[in-house]
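# Chain and residue survey
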Amino acid sequence: MPIHRNAGADTLALHAGQTPDPVHRSRATPIHFTTSYVFESGDHAAALFNQERAGHVYSRISNPTNAVLEERIAALDGGVGAIACASGQAALTLAITTLMGSGGHIVASRSLYGGSHNLLGYTLPRFGIETTFVPAGDADAWRAAIRPNTRLLFGESIGNPGLEVLDIPTLAQIARDARLPLMVDATLVTPILQCPIDLGANIVMHSATKYLGGHGVAIGGLLVDGGNFDWEASEGRFPTLTEPYEGFHGMDFAEESPIAAFLLRARREGLRDFGACLSPMNAFQILQGMETLGLRMERHVANARALVEHLVKHPFVESVSWPELDTHPDKALAASLLPRGCGGVFSFSLKGGRKAGSTFIEGLRLFSHLANVGDAKSLAIHPASTTHFRMSAESLLAAGITEGTVRLSTGLETATDLIEDLDRGLYAAQKACA
Amino acid sequence: MKLTVSGKSVYCYTGGRANQPGRPTLVLIHGAGHDHSVWTLQSRYFATHGWNVLVPDLPGHGQSEGPQRESIGELADWVGLLLEAAGIGPTLLAGHSMGSLVALETAARFPTRVSLLALIGSVAPMPVAAPLLEATLANRDKAHAMINQWSYAPGSQLGSSSIPGMNLTAINERLMQRQALGVLHRDMSACNAYAGGFEAAAKVRCPTLLLSAAQDRMTSPKAITPLAEAFGQETPLRKLVIPAAGHAMMAEAPGAVLEGLWNFAGAFASSLQERP
């Protein structure tokens, strides 16, 4: 059941989480550059440490600027709260380590950001947490992969690299049937285009480095709790949340807060002990970006549509992968789950293979050649010569891309300038392969 | 911890500590559609400062078995049985909103069990607006939205939470969603139907605190006067109005509510010296 919003998304993006401070009347969110906070008394200190009173103790655990960002994303996403982390990877790690320890198991979409795939496929097994990867759109495979020790289902709103649209309502039902939480990485859509919690997901994570900040100056991650999973009804699967934790005053987090137990444990253990907190400076910069999130996402989508429309007609383009196209297998799903658009990231394949791809990239002047997405500036990368350099043509195909695939992150520039730049790159590639 | 009342299991939060004999007990009664968790930031402090704490999920709410009681009088009788089952001594009984009516009626019916009384976000009578009462039956989501709109001060509507990183109105909505269908309507109907407030107040002899919030639009501090005047002259009565908070004051201003209760208990510590 979606949470009722107190205001529209554009209003929340500007105001949620902050009222002008009562002392100085600052309209903008102040940057609280402090490691720690003065206690009123010994009794006050003890009460803060024991969570008898609300407040800040140490900026690794909470910070007033970060708290504004946390409340803002929670308000936008329809969550009961959020935690700001040092990066999207930190947010993912915090979520997993809050829910499970050694012996835990995750069922995850095969179409994940490479960093998430590395964490789940290579790093976490060293700590006794295994992952079964399944095709994003194969509901039966998700169901079949669930084991008695499974503790989480995880996927991305729009998958990498094939832009598969995650069928969140179906996966949420599979998760509910198995009494497991579903977490969705919504980095590429942001709450402007999709709120996974409204569709039945339980936890949402964002790499705030991307569209939320939008300016490409600050790394950050956000973890949002939907407050819609009943940990106490999970038959002991989540002892980190339903049994006393000696590491924090013997607190039983679900007893303390049946609604926000996940966030309580994540903050009181994971953020405290693993320490991947967000700098308040980064929180401020991400907040500045979020103020224009709605406007920017509209332009990202509009520009992406213009570029896709141009590329599908170009004779040197073999194919374009974009969920709004008739040729994409998830077109109907995208229309249903992403009615406001599929963001600004898409990929296309050039005729002429690896050489065409690398020449195309070198021919671009406006697009920046780098390994990031979600910037205000347009970005391009040729996986076969960079991120997937060591992979053979066959391996690339298995990963859903070709030697000539190029990924674009459409920025906010004037669309005609971007099209002109693409044509420049396409001309160079075509000439090199002639 | 779990207690048994009338043969049914009752969940009681104890502030994170086991209760011990020989201590006064703070008993906190939640409001309509809620459970014990609305009191977390008041109860933990008491539990580490020499008090026992007993915060039940009312019957049919949270983790307590039903049946749900359908009138304030029935709920008061149930609280009387709970206090007996818990075997506790001197008691500060506090309630919020519907819980305040239950606490008031309990103090009137079981005067020997209540040493101090605190009514938080309270008025009597407590009529529920017809559109809200109707929505609790016909459209629960709409009712939740209306409650949130009226329960939080303007500053809390868009956030700026007292609890870092938490979206207070969303927590309240999820908490209400978690209760079984019909629970909120029966609670609201019980509030709406309760007509015994003045009569109960006249019977109360123990020190009483009327704690309001300046921006409460559900139970405005201005509307508390008739109830305050219903208490007898011999009843020590304290009034406290918390600024910058609305009806959901335990979440919006948790420290101020805690201090209000703590200072009240301290001012009338002699009432807690021996079992009444």
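Residues numbered from 1 in each chain as written. Chains lettered and ligands numbered in written order. Predicted model: local features only at pLDDT ≥ 70, side-chain atom pairs only at ≥ 80, totals over all residues. Heavy atoms only, no water.

## Observations regarding the side chain of B:His34
Residues and elements named next belong to chain B. As a reminder of what qualifies: In this description a helix means any DSSP run of H or I spanning at least four residues, a strand means any run of E spanning at least two, and both kinds are numbered starting from the N terminus. For the exposure calls, accessible area comes from a 1.4 Å probe over protein chains only, and a residue counts as buried if that area is under 20% of its type's maximum, exposed if over 50%, partly exposed in between. For the purposes of these results, a polar contact is taken to be a pair of N or O atoms within 3.5 Å, where, inside protein, one atom must be able to donate a hydrogen and its partner to accept one; residues adjacent in sequence count only when each atom of the pair is a side-chain atom. Any two residues whose heavy atoms approach within 4.5 Å are treated as being in contact.
Assignment of secondary structure puts histidine 34 in the loop between strand 3 (25–29) and helix 1 (40–47). Residue histidine 34 is classed as buried on the basis of its relative accessible area, which comes to 12%. Polar contacts involving the side chain of histidine 34 include one to the side chain of asparagine 172, which spans 2.6 Å. Leave out the neighbours within four places in its chain, and histidine 34 touches His61, Asn172, Leu175, Met176 and Gln179.

## Focus: helix 17 (residues 415–432) of chain A
Residue and element names in this part refer to chain A. Put simply, the rule is: A helix is expected to span 1.5 Å multiplied by its residue count minus one. Directions drawn from the helix axis to the C-beta atoms are what define this arc.
Taking 1.5 Å per residue, 18 residues should reach 26 Å; helix 17 reaches 26 Å between its end C-alpha atoms and fits that length. Ala415, Leu418, Ile419, Asp421, Leu422, Gly425, Leu426 and Ala429 are the residues of helix 17 that are buried. Taken end-on, helix 17 shows its buried residues confined to a sector of 160°, consistent with a single buried face. In this structure, helix 17 carries Thr416, Tyr427 and Lys431 as exposed residues pointing more than 90 degrees from its buried face.

## Here we look at helix 11 (residues 261–274) of chain A
Residues and elements named next belong to chain A. Inclusion rule: By definition, a residue's bend is the angle between the axes fitted to the seven residues ending there and the seven starting there.
Under the 1.5 Å per step criterion, the end-to-end length of helix 11 is 18 Å for 14 residues, consistent within 8% with the ideal 20 Å. The axis of helix 11 is deflected most strongly, by about 30°, at arginine 267. Just downstream of helix 11, glycine 275 is the residue with a positive phi angle, here 75°.

## Quick notes on the pairing of strand 7 (residues 221–225) of chain A
All names here are of chain A. Convention followed: Pairing between strands requires that DSSP locate at least two bridges from one strand to the other.
Burial analysis of strand 7 places five of its five residues in the buried class, which makes it a mostly covered element. In strand 7, alternate side chains face the same way, and those of Gly221, Leu223 and Asp225 on one face and Leu222 and Val224 on the other are all buried. Alignment of strand 1 (residues 81–85) against strand 7, held across five bridges, turns out to be antiparallel. Among the inter-strand pairings, isoleucine 83 is bridged to a residue of strand 7, identified as leucine 223. With five bridges connecting them, strand 6 (residues 203–207) and strand 7 associate as antiparallel partners. The partner of serine 207 across the bridge, within strand 7, is glycine 221.

## Comments concerning the interface of chain B and chain A
What counts, and what does not: Summed over both partners, the accessible surface that disappears when two parts come together, traced with a 1.4 Å probe, is what is meant by buried area. What makes a salt bridge here is a side-chain nitrogen of Lys or Arg within 4 Å of a carboxyl oxygen of Asp or Glu, nothing more. Amino acid classes used here: Ala, Val, Leu, Ile, Met, Phe, Trp, Tyr, Cys and Pro are nonpolar; Asp, Glu, Lys and Arg are charged; the rest, including Gly, are polar.
The interface is formed by 39 residues belonging to chain B together with 49 residues belonging to chain A. For the pairing of chain B and chain A, the buried interface totals around 3,400 Å² over both sides, and the portion due to carbon and sulfur atoms is 50%. Put simply, chain B and chain A have three salt bridges between them. For B:Arg44, the salt bridge identified is with A:Glu256, shortest N-O distance 3.0 Å. Contributing elements (two or more residues each) for the side of chain B that touches chain A: strand 2 (8–13), helix 1, helix 5 (140–151), helix 6 (154–157), helix 7 (168–178) and helix 12 (254–267) of chain B. Here the element with the most residues in the side of chain B that touches chain A is helix 7 of chain B; it accounts for eight residues. Looking at the side of chain B that touches chain A residue by residue, the class counts come to 15 nonpolar, 17 polar and seven charged.

## Considerations on the pattern of salt bridges
A complete count under the given rule lists 20 salt bridges over all chains for this structure. Across the pair A:Arg53 and B:Glu259 runs a salt bridge whose closest N-O atoms are separated by 2.9 Å. Of this pair, A:Arg53 sits in the loop between helix 2 (42–49) and helix 3 (64–77) while B:Glu259 is found in helix 12, placing the two residues in two different chains. Since its relative accessible area comes to 17%, A:Arg53 is described here as buried. B:Glu259 gets classed as partly exposed once you look at its relative accessible area, which sits at 36%. Within this structure, A:Arg179, A:Glu235 and A:Arg237 form a network of salt bridges that share partners.

## Quick notes on the sheet that holds strand 4 (residues 150–156) of chain A
Residue and element names in this part refer to chain A. Our working definition: The axes used here are C-alpha line fits, helices contributing only the stretch in contact, and every angle between their N-to-C directions lies in the interval 0 to 180 degrees.
Pairing in this open sheet of seven strands is mixed, and the strands run 1-7-6-5-4-2-3 from one edge to the other. Edge positions in the sheet fall to strand 1 and strand 3 (130–134), since each has one partner strand and no second. Going across the sheet, the axis of each strand differs from the next one's by a mean of 20°, ignoring polarity. Sheet topology places strand 5 (residues 182–185) next to strand 6; three bridges connect them, and they run parallel. Each residue of the ladder has a partner; that of valine 184, found in strand 6, is valine 204. Running at roughly 130° to strand 1, helix 3 makes contact with strand 1, strand 6 and strand 7 of the sheet. Most of the contacts of helix 4 (residues 88–99) go to strand 7, to which it runs at about 40°, and overall it touches strand 1, strand 2 (105–109), strand 4, strand 5, strand 6 and strand 7.

## Some thoughts on the domain arrangement of chain A
Residues and elements named next belong to chain A. Worth spelling out the cut-off: Here the bounds of each domain stem from an automatic or database domain assignment.
Domains assigned within chain A are domain 1 (9–281) and domain 2 (294–433). Placing the centre of domain 1 and that of domain 2 at their C-alpha centroids yields a distance of 30 Å. With 27 residues of domain 1 at the contact, the number on the domain 2 side is 32 residues. Both sides together, the interface formed by domain 1 and domain 2 hides about 2,300 Å², and carbon and sulfur atoms give 61% of it. In this assembly, domain 1 and domain 2 are joined by zero salt bridges. Applying the counting rule to domain 1 against domain 2 returns eleven residue pairs in polar contact (both at pLDDT 80 or more). Where the side of domain 1 that touches domain 2 is concerned, the elements lending two or more residues are helix 7 (168–177) and helix 8 (190–193).

## Some words on the packing of helix 1 of chain B against helix 12 of chain B
Residues and elements named next belong to chain B. Quick note on the threshold: Oblique is the label for every angle not falling under 35 degrees (roughly parallel), over 145 degrees (roughly antiparallel), or within 65 to 115 degrees (roughly perpendicular). Crossings are assigned a handedness: left-handed for a near helix turned anticlockwise from the far helix by less than a right angle, right-handed for a clockwise turn.
Direction vectors running N to C along helix 1 and helix 12 enclose 40°, while the axes themselves pass 9 Å from each other. What the angle tells us is that helix 1 and helix 12 run oblique. The crossing of helix 1 and helix 12 is right-handed. Side by side, helix 1 and helix 12 meet where Leu41, Gln42, Tyr45 and Phe46 of the first sit next to Pro254, Val257, Leu258, Leu261, Trp262 and Ala265 of the second. Looking at the contact of helix 1 with helix 12 residue by residue, the class counts come to nine nonpolar, one polar and no charged.

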